[in-house]
Amino acid sequence: LPAETSNTALGAETEEPATKKPEYFYFNKNPNLKPKVSAEAYLVGDLDTGEVILQKNEREKLPIASVSKLVTALVATELSNEGDVAQISKSALATYGKNGNFSLGEKIGVKELLYRLLLESSNDAAEALAEFWGYDTFIKKMNQQADLLGLQDTYFDDSSGLSPNNQSTTADLFKLAGYIN
């Protein structure tokens, strides 16, 4: 956290010159040590300013698993109309995981699918959303959305994140988070 944000959050009012660069506090006993992070790649930054604070291997492509669902939700939200209703197919039900608690042939609103996609991380909801607009077309739109956002190292092979081919970098995910924010 920037020093002024941290102090204000604690109730201490401070006035700092506008030209002073904020100090960042990391919770280490020794202030001369950097944080120990075991992740293979990471990026920590301020989404409002785009300032990167810490990073490691930020351009290394790695599988992104359920983070894929953020772009699934983004594309589905842009494509959907009020009152859109999808039908749960056999292939959606066959998708790994049971978080959606759907039944074959069930008709469900796209907004409810989005709820289950994001809050329950439902793979079958991701599949049902992609099928609603045509699976291949939907995946193509996910990749087009990544291109539009400048996510140059991001690729989607499915809507749920089950495919290890859904890959990105921490730098691209930082851009995505900034856009969604």
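Look a little higher up for the structure.
This structure is a prediction, so every number in the text was calculated from the model and none was measured. (Residues numbered from 1 in each chain as written. Predicted model: local features only at pLDDT ≥ 70, side-chain atom pairs only at ≥ 80, totals over all residues. Heavy atoms only, no water.)

*Asks:* What exactly am I supposed to notice about the overall build of the chain here?
*Replies:* Across its full length, the chain carries 7 helices and 6 strands. Reading the chain from its N terminus to its C terminus gives the helix and strand order α-β-β-β-α-β-α-β-α-α-α-β-α. Sorting the 181 residues of the chain into buried and exposed places 35% on the buried side. Taking as baseline every contact in the chain between residues at least 6 positions apart, the subset at least 24 positions apart corresponds to 54%. Surface summary for the chain: the accessible area is close to 11,100 Å², and the carbon and sulfur share equals 53%. (Helix = DSSP H or I, 4+ residues; strand = E, 2+ residues; numbered from the N terminus. Buried < 20%, exposed > 50% of the residue type's maximum accessible area, 1.4 Å probe, protein only. Contact = heavy atoms within 4.5 Å. Areas by Shrake-Rupley, 256 points an atom, 1.4 Å probe, with all protein chains shown as cover.)

*Asks:* What is the right way to read helix 2 (residues 68–79) from this model?
*Replies:* Since one α-helical turn is 3.6 residues long, residues separated by three or four positions face the same way. Helix length check: helix 2, at 12 residues, gives a terminal C-alpha distance of 17 Å against a target of 16 Å (1.5 Å per residue), a fit within 8%. Of the positions making up helix 2, those classed as buried are S68, K69, V71, T72, A73, L74, V75 and A76. Looking at the buried side of helix 2, the elements it contacts are helix 4 (110–119), helix 5 (123–132), helix 6 (135–148) and helix 7 (170–180). (Expected span 1.5 Å × (residues − 1).)

*Asks:* Could you clarify how one ought to interpret a nonpolar patch on the surface in this entry?
*Replies:* Taken together, the side chains of V67, L70, Y115, L118, L119, Y179 and I180 present a nonpolar region at the surface, about 660 Å² in accessible area. At the level of elements, helix 4 and helix 7 are the ones that each hand at least two residues to the nonpolar patch. Looking at the nonpolar patch, the element that brings in the most residues is helix 4, giving 3 residues. Of note, Y179 is situated in helix 7. Classification of Y179 as partly exposed rests on a relative accessible area of 44%. (Patch = residues over 30% accessible without salt bridge, like charges linked within 9 Å, V, L, I, M, F, W, Y side chains within 5 Å. Salt bridge = Lys/Arg side-chain N within 4 Å of Asp/Glu carboxyl O.)

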